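# Report on the structure
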Amino acid sequence: KLIDDYEKKSGYAISDEYINNLALTTQICIKKSKLNFQHGKLLYSALSEYINERKLKYTEKYIPIVVLETGTARGFSSICMSKAFSDNNANGIIITVDCVAHNKRFFWNSINDCDGPKTREENLSFWKEELSRIIFIQGWTEILNNIGLNRINFAFLDAQHTKENVMFEFEYVSKRQKKGDIIIFDDVTPGVFDGVCQAILEIENNYPYEIMKINSNKERGYAIAKRITN
């Protein structure tokens, strides 16, 4: 319900048919916890809202939007964010980082495994337009120091879940953000991912970000951090 409320408040919602088809390939798998892909809806709505706020601000000279993601996994969240660019006729690029190579074939614990090992690129081949604005980088998050980004408008952090690693990623992003820019954190769930929760508390107390927490269910929570000063 909280995700539905956020969609309504933002004024932007991804199509149920679209996200369900995407989830069948990239989210539906065998796991102990309950299946949950509500973060795709949250990312789409938040990025769509951000895009259109900037369109109003930069009517004559619309500046491309740079998105950074850590923790690509099967590519679900990257595709959802790329879809936001398509639907809002916006210019942008998504850089996503994961320890798993984009063009290495193996089993992904997904429905496509019935046809044998595949690369991530092959699994996502149906979404060619969305893939056209995504850059896949292999490496642990320490590789961020080797990426020459001057500005990050919007970020989704979902890689290693220790406080140290989350703060490292946050520090990298925050140094490249301005007032109004957004960072979304996954797995902000006390008792499950305490390192992420501790990092959110430190950010809330010591950095110029306003934090909104949203729970999808008891096992999955998110935080939206909006920069409030330059």
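Treat the numbers as computed from the prediction; the structure is a model and nothing was measured. (Residues numbered from 1 in each chain as written. Predicted model: local features only at pLDDT ≥ 70, side-chain atom pairs only at ≥ 80, totals over all residues. Heavy atoms only, no water.)

## A closer look at the overall build of the protein chain
Counting its regular elements, the protein chain contains eight helices and seven strands. Computed over the C-alpha atoms, the radius of gyration of the protein chain is 17 Å, within 12% of the 17 Å expected from 2.2 N^0.38 for a compact globule of 230 residues. With the principal axes as the frame, the protein chain shows a C-alpha extent of 50 × 45 × 40 Å. Put simply, 70% of the contacts in the protein chain that link residues at least 6 apart link residues at least 24 apart. (Helix = DSSP H or I, 4+ residues; strand = E, 2+ residues; numbered from the N terminus. Rg over C-alpha atoms; globule rule 2.2 N^0.38 Å. Contact = heavy atoms within 4.5 Å.)

## A word on the nonpolar core
Counting residues in hydrophobic clusters, the biggest one holds 37 residues, and the most contacted among them are Phe154 and Ile184. Not counting residues up to four positions away in its chain, the partners in contact with Phe154 are Leu43, Ala46, Leu47, Tyr50, Val66, Val67, Leu68, Met81, Gln177, Ile182 and Ile184. (Core = buried A, V, L, I, M, F, W, Y, C linked by side-chain atoms within 4.5 Å. Buried < 20%, exposed > 50% of the residue type's maximum accessible area, 1.4 Å probe, protein only.)

## Here we look at a nonpolar patch on the surface
A cluster of nonpolar side chains, namely Leu24, Ile28, Leu35 and Ile111, defines an oily patch on the protein surface of about 310 Å² accessible area. One can find Ile28 in the loop between helix H2 (16-26) and helix H3 (38-57). Classification of Ile28 as partly exposed rests on a relative accessible area of 33%. (Patch = residues over 30% accessible without salt bridge, like charges linked within 9 Å, V, L, I, M, F, W, Y side chains within 5 Å. Areas by Shrake-Rupley, 256 points an atom, 1.4 Å probe, with all protein chains shown as cover. Salt bridge = Lys/Arg side-chain N within 4 Å of Asp/Glu carboxyl O.)

## Digging into the packing of aromatic side chains
In this structure the tally under the stated criterion is seven aromatic pairs. Plain terms: the ring middles of Phe37 and Phe76 are 6.0 Å apart, the flat faces sit at 75 degrees to each other, and that makes the pair edge-to-face. Note that Phe37 is positioned in the loop between H2 and H3 and Phe76 in helix H4 (residues 76-87), a separation of 39 residues in sequence. When sorted by exposure, Phe37 lands in the same class as Phe76, which is buried. Taken together, a centroid distance of 4.5 Å and an interplanar angle of 25 degrees make the contact between Phe106 and Trp108 stacked. (Phe/Tyr/Trp six-rings, centres within 6.5 Å; stacked < 30°, edge-to-face > 60°.)

## Here's the deal with the packing of helix H1 (residues 2-10) against H3
Each pair of packed helices can be described by the angle between their axes along with the distance between the axes. Packing of H1 against H3 leaves a shortest axis separation of 10 Å and a crossing angle of 15 degrees. The pairing of H1 with H3 is recorded here as roughly parallel in orientation. By crossing handedness, the relation of H1 to H3 is classed as left-handed. Only Gln38, Lys41, Leu42, Ser45, Ala46 and Glu49 of H3 make contact with H1, whose side of the interface consists of Ile3, Asp4, Tyr6, Glu7 and Ser10. Per-class residue counts for the contact of H1 with H3 are four nonpolar, three polar and four charged. (Axes fitted to C-alpha atoms, helices over the stretch in contact; angles between N-to-C directions. Parallel < 35°, antiparallel > 145°, perpendicular 65-115°, else oblique. Left-handed = near helix turned anticlockwise from the far one by under 90°. Nonpolar A, V, L, I, M, F, W, Y, C, P; charged D, E, K, R; others polar.)

## What about the pattern of salt bridges?
Summed over the entire model, instances satisfying the criterion amount to ten salt bridges. Among the salt bridges present, the one from Asp98 reaches Arg120, with a minimum N-O distance of 3.9 Å. Residue Asp98 is found in strand S2 (residues 92-98), and its partner Arg120 is found in helix H5 (residues 120-123); the two are separated by 22 residues along the sequence. By the burial criterion, Asp98 is buried, and Arg120 matches it. Across the pair Arg220 and Asp186 runs a salt bridge whose closest N-O atoms are separated by 2.8 Å. You can see Arg220 sitting in strand S7 (residues 220-227) and its partner Asp186 sitting in the loop between strand S5 (182-185) and helix H8 (194-206), a full 34 residues away along the chain.

## Things to note about the pairing of S2
Within S2, six of the seven residues are buried, which leaves it mostly tucked inside the rest of the structure. In this sheet, S2 lies alongside strand S1 (residues 65-70) in parallel orientation, the contact comprising six bridges. The residue of S2 that forms the bridge with Val67 is Ile94. You can see the chain leave S1, run along H4 and come back into S2, and the turn it takes is right-handed. The sheet contact formed by S2 and strand S3 (residues 134-138) spans five bridges and is parallel. (Pairing = 2+ DSSP bridges. Right-handed = clockwise from strand over helix to strand, strands pointing away.)

## Overview of H1
What H1 keeps buried is the set Ile3, Tyr6, Glu7 and Ser10. Down the axis of H1, the buried set is contained in an arc of 100 degrees. They therefore lie on one face. Away from the buried face of H1 by more than 90 degrees, exposed residues Lys8 and Lys9 are located. Buried-residue contacts for H1 involve H3, strand S6 (209-217) and S7. (Arc of directions from axis to C-beta.)

## Re the side chain of Asp186
With relative accessibility at 2%, the residue Asp186 sits in the buried group. Within polar-contact distance, the side chain of Asp186 engages the side chain of Arg220 at 2.8 Å. Excluding its chain neighbours within four sequence positions, the residues that come into contact with Asp186 are His39, Phe156, Leu157, Asp158, Val196, Arg220, Gly221 and Tyr222. (Polar contact = N/O pair within 3.5 Å; in protein donor to acceptor, adjacent residues only side chain to side chain.)

By themselves these figures say nothing about function.
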